[in-house]
Structures are given as C-alpha cells and as structure tokens.
Amino acid sequence: MTNSKGVQRRSLGGLFHRAATLALLTLMAAPAWADYALNLTQGVSEFSERVYGLHMLILWICVVIGVLVFGAMFVSMYLHRKSRGHEPAQFSHSTKAEIVWTVIPILILVGMAIPATNTLVYMHQTGDSDMTVKITGYQWKWKYDYIEDDVSFLSNLDSASNSARQLNSGIDPATVDDYLLNVDNRVVLPINTKVRFLITADDVIHAWWVPDFGWKRDAIPGFVNEAWVEIKEPGIYRGQCAELCGKDHGFMPIVVEAVSRPAYQAWVDEQKQEQLVAEQNVERDWSQEELVAHGQAVYEAQCAACHQLNGQGLAPAFPALAGSPVANGPTEDHIDVVVNGRPGTAMQAFGDTLNEADIAAALTYTRSAWGNKASDTIQPRDVRAAKRG
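Predicted model, so just to flag it, every value in this text is computed and none were measured.

(A) Quick look at the side chain of Ser-324. By the element assignment, Ser-324 lies in the loop between helix H7 (304-307) and helix H8 (331-340). In terms of polar contacts, Ser-324 uses its side chain to reach the backbone amide nitrogen of Val-326, at 3.1 Å.

(B) Looking closely at helix H5 (residues 261-283). The terminal C-alpha atoms of H5 lie 34 Å apart, and with 23 residues this matches the ideal 33 Å at 1.5 Å per residue to within 8%. Here H5 has its buried residues at Tyr-264, Trp-267, Val-268, Gln-271, Asn-281 and Val-282.

(C) Geometry of the sheet that holds strand S4 (residues 187-190). On the basis of which strands lie adjacent, the open sheet formed by 5 strands has the order S4-S10-S9-S6-S7 and mixed pairing. The open sheet is flanked by S4 and strand S7 (215-219), the only strands paired with a single partner. Pairs of neighbouring strands in the sheet enclose a mean axial angle of 25°, with direction left out of account. When strand S6 (residues 206-210) meets S7, the two strands line up antiparallel, connected through 5 bridges. Counted as the bridge partner of Ala-207 is Asp-218 from S7. Contacts from H5 reach S4 and strand S10 (253-259) within the one sheet, and its direction differs from that of S4 by about 140°.

(D) How the structure looks around the layout of surface pockets. Roughly 890 Å³ of volume is contained in the largest pocket. Every residue lining the largest pocket is counted, 32 residues in all, and those nearest its centre are Leu-154, Asn-185, Leu-354, Asn-355 and Asp-358. If one sorts the elements of the lining of the largest pocket by residue count, helix H6 (residues 288-302) sits on top with 6 residues. Here the lining of the largest pocket is composed, by residue class, of 10 nonpolar, 13 polar and 9 charged. Computed from the structure, the second largest pocket encloses a volume of approximately 680 Å³. Lining the second largest pocket are 40 residues; nearest its centre among them are Cys-303, Cys-306, His-307, Met-347 and Phe-350. Elements with a minimum of two residues in the lining of the second largest pocket: helix H4 (159-165), H6, H7, H8 and helix H9 (356-366).

(E) Main features of unusual backbone geometry. The omega angle of the peptide bond from Gln-139 to Trp-140 is -5°, so this bond is cis rather than trans. Relative to the assigned elements, Trp-140 resides in the loop between strand S1 (131-138) and strand S2 (141-146). Residues other than glycine seldom take positive phi values, yet Asp-178 does so here, at roughly 50°. Along the polypeptide, Asp-178 turns up in the loop between H4 and S4. Relative accessible area serves as the criterion here: at 36%, Asp-178 is assigned to the partly exposed category. Backbone geometry places Trp-370, a non-glycine residue, at a positive phi of 55°. If you trace the backbone, Trp-370 turns up in the loop between H9 and helix H10 (380-387).

(F) The arrangement of the environment of Ile-205 in detail. Inspection of the secondary structure puts Ile-205 in the loop between strand S5 (195-201) and S6. For Ile-205, a relative accessible area of 38% puts it in the partly exposed group. Each C-alpha atom of the pair Ile-205 and Cys-241 lies 9.8 Å from the other, and the pair is 36 residues apart in sequence. Discounting chain neighbours no more than four positions away, the residues touching Ile-205 are Ala-219, Ile-220, Pro-221, Glu-243 and Cys-245.

(G) Region of the structure containing the state of the cysteines. Evaluated as defined, the whole model comprises 0 disulfides. Looking at Cys-241, it has no disulfide partner, and the nearest cysteine sulfur is the one in Cys-245, 3.9 Å off. For Cys-241, a relative accessible area of 5% gives the class buried. No disulfide involves Cys-303; its sulfur sits 8.4 Å from that of Cys-306, the nearest cysteine. What makes Cys-303 buried here is its relative accessible area of 16%.

(H) Fine view of the environment of Thr-353. Structurally, Thr-353 is set in the loop between H8 and H9. The exposure class assigned to Thr-353 is buried, which follows from its relative accessible area of 11%. Excluding residues that lie within four positions of it along the chain, Thr-353 makes contacts with Tyr-138 and Leu-154.

(I) Region of the structure containing the nonpolar core. Ranked by internal contacts, the top residues of the largest apolar core, which has 44 residues, are Tyr-144, Tyr-146, Leu-189, Phe-197, Trp-208 and Phe-213. Ignoring anything within four residues of it in the chain, the contact list for Tyr-146 reads Met-131, Thr-132, Val-133, Val-151, Phe-153, Val-187, Val-188, Leu-189, Tyr-264 and Trp-267. Leu-154, Phe-350, Leu-354 and Ile-359 belong to the second largest nonpolar core, which has 13 residues in total.

Reading the values: the criteria
- Residues numbered from 1 in each chain as written.
- Predicted model: local features only at pLDDT ≥ 70, side-chain atom pairs only at ≥ 80, totals over all residues.
- Heavy atoms only, no water.
- Helix = DSSP H or I, 4+ residues; strand = E, 2+ residues; numbered from the N terminus.
- Polar contact = N/O pair within 3.5 Å; in protein donor to acceptor, adjacent residues only side chain to side chain.
- Expected span 1.5 Å × (residues − 1).
- Buried < 20%, exposed > 50% of the residue type's maximum accessible area, 1.4 Å probe, protein only.
- Pairing = 2+ DSSP bridges.
- Axes fitted to C-alpha atoms, helices over the stretch in contact; angles between N-to-C directions.
- Contact = heavy atoms within 4.5 Å.
- 1 Å grid on protein atoms, 1.4 Å probe; cavity = no way out; pocket = protein on both sides within 12 Å on 5 of 7 lines; lining within 4 Å.
- Points joined across faces, edges and corners; volume = space filled by probe spheres on them.
- Nonpolar A, V, L, I, M, F, W, Y, C, P; charged D, E, K, R; others polar.
- Disulfide = S-S within 2.5 Å.
- Core = buried A, V, L, I, M, F, W, Y, C linked by side-chain atoms within 4.5 Å.

Take a look at the structure:
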C-alpha cells in the first residue's frame, strides 16, 4: 500500500530542493544582476537630476506619511484592544478632527505641487539654446537635421540586429552586441551645450525617448514638440521609440553619443565631407556591380522591414518585390513609386529621405534580385530627373 502522505512529503522535499538549487545558481550568476536596480536612473543632464530629486522628495514624504498613519493605527489597535478592557468611544463625529485631516493633506499636496510645478516649468525652457536639432520620426527610422551645422542623416536599426531579428535567421540574438538597441548612424552631441530639439513625424505618431535625459516627447505628424538637454558627461546613451507606431515599433532605437566640443566639430566636418561625396556620386556614372552592392545595403537598411530580406513582403500591406510587376516593369513607374510613394497604402515616399544615389542603387538591386528579370541599370541622375518632374 502506498503511503500518500509520505509521497506528498517527498514531492514537497524535491520541490524545495529544486527551488534551493535554482536560487543558488541564480546567486552564482552574478552578471545577470549587473543591471538590477530598484530606483529610477539619475540621468546625465541637469533636468534628469531635478526629476530624480523631485522623485526622491515625494517618495520620502510618502514614506513618512505611511509610517505615521500605519504606526498610529497599529499602536491604537494594540493599546486599545478589547482584551485590555477598553470600551469604544460613543460619538458620531468630531468637527475638529475632520478639519485637521482635511487641512493637513491639502497643505502637504500644496507643498508637493510647488517643486513639481517648478520642475515642469524648467522642462519647457527651451530658450537660450546653443544649437537646434530637428527630429522626424518615420516608419521605422529617425531623421536628424542639425539646423546650424547643415547636417542631415537617417538613423536605422543596425544591420547586425536587423539580420538577427528576421524569422528563421539562424542567428542567436545573444551573440549580437546591444541587440535591438544599436543604430547605423548615431546622434552626436557636444557636452555642456544646451541642445534644443524640434520633434515631429512624417507618417504616424512616434515618441523620442532617451531615459538618461529625463523626458520623453511625442512625435506627431503636422505638429512640432520642443525639448532640450544639456549633457554633462561624455558617453553613449540609448533609447527607443516609446509609442506603438506599427509592426516594427520594437526595431526603432535611438543612440546618442556625447563628445567634447572639438570632437563634435570634427564629426560635423566629417559629415559635411560625406554629404559632398554623396552629391558627387549623383553626378557620376555607376557600374552595375557598384549599384547592386550599394543597393543591397540600402535595401536591407530601408526596405527590408516591410518587404523582407528575401523580397517576399508581408501581404497584404507589404507586397512582395520578388516577381513584382513594378520591379519587373518600366523604370519610370518603379522610380515614381519609390520617390513619391503610393497614397492610401503603406508605401511611403523616399524622395525626401534618401539621396538619389541610394534610391538608384536600391532600385537596381531589387530589379535584379530574387529572380527578377529587369536587370537594367538606374543611374542617380535618372532619379534626380524624376524628382524634378
């Protein structure tokens, strides 16, 4: 005969043993706890430090209130319990008590509102900025325009993360550094400089959020939000789009690199040189091999999110390019679709976000990839002519 109680005791003993073993292994895996924290991040800007200070002030006020209220309750219940012979008081209400417990919370709330209001006012003081950066959200990338320095670029999810995130990629995401939190082009900002941001969107609502800066701003089509930051310490600060902006919402990271002022100026000079080279590339003739090689990189960064790396798309919103009548049809129609988009569909216009060389290369690549037969060469000047009508 089986002893059910003994079996139950052995089962519980085995359960406790497994739980203890798991706890021991967890404690041994120290790196897993490296980023564990119980509090908010203090950030790297003066505003984020103010937010952190406000948070701690309100937290300690709440702690004191909780200790006093619950302490009074427990002491009262212990000292005036029935077993000690206490009889409950016979009264319906106390006007003085009601006034006290109404006035005191009001005073506390007013005292909490004053520093909170000062912090909110400080948050919106974008005047006296040293430089301005316009941020535009697209599905699913960011565009940055440095107003004073005349620098502009797109920032996409980096190729390593983009490859690993694809279905059946065979790549272990754990082997990718900063998986889904890295980009191909970082935002570079000088430290100890008040930077004003103008934040908007071109298609749907996005949200630009870097936790170390202490704020988040929505990017809304047709509307411009303002924010600012003055970074104190050099470093790399990561964030993400914090608004559900579509199927690839989780693949729209933000990376800000804060550097010294001389290093920032050197970066600006480098960007201008790259823009000059890009302009020269529009005017020269590209070989078929050059266009295909460059076009594949552009496609993977700009187009694969919707049409997939294998060109099969995600029907019905994102049609396949493999065997597509557009990709195998007249070049004029294909250029028009990419440059101007297709109103009423998910196909966005790339004419204002990509330069002519990038568009020409991407078109040449897609017209010759995945079995497509239109292996003709589209030059950047063809795209420029189409953009000019």
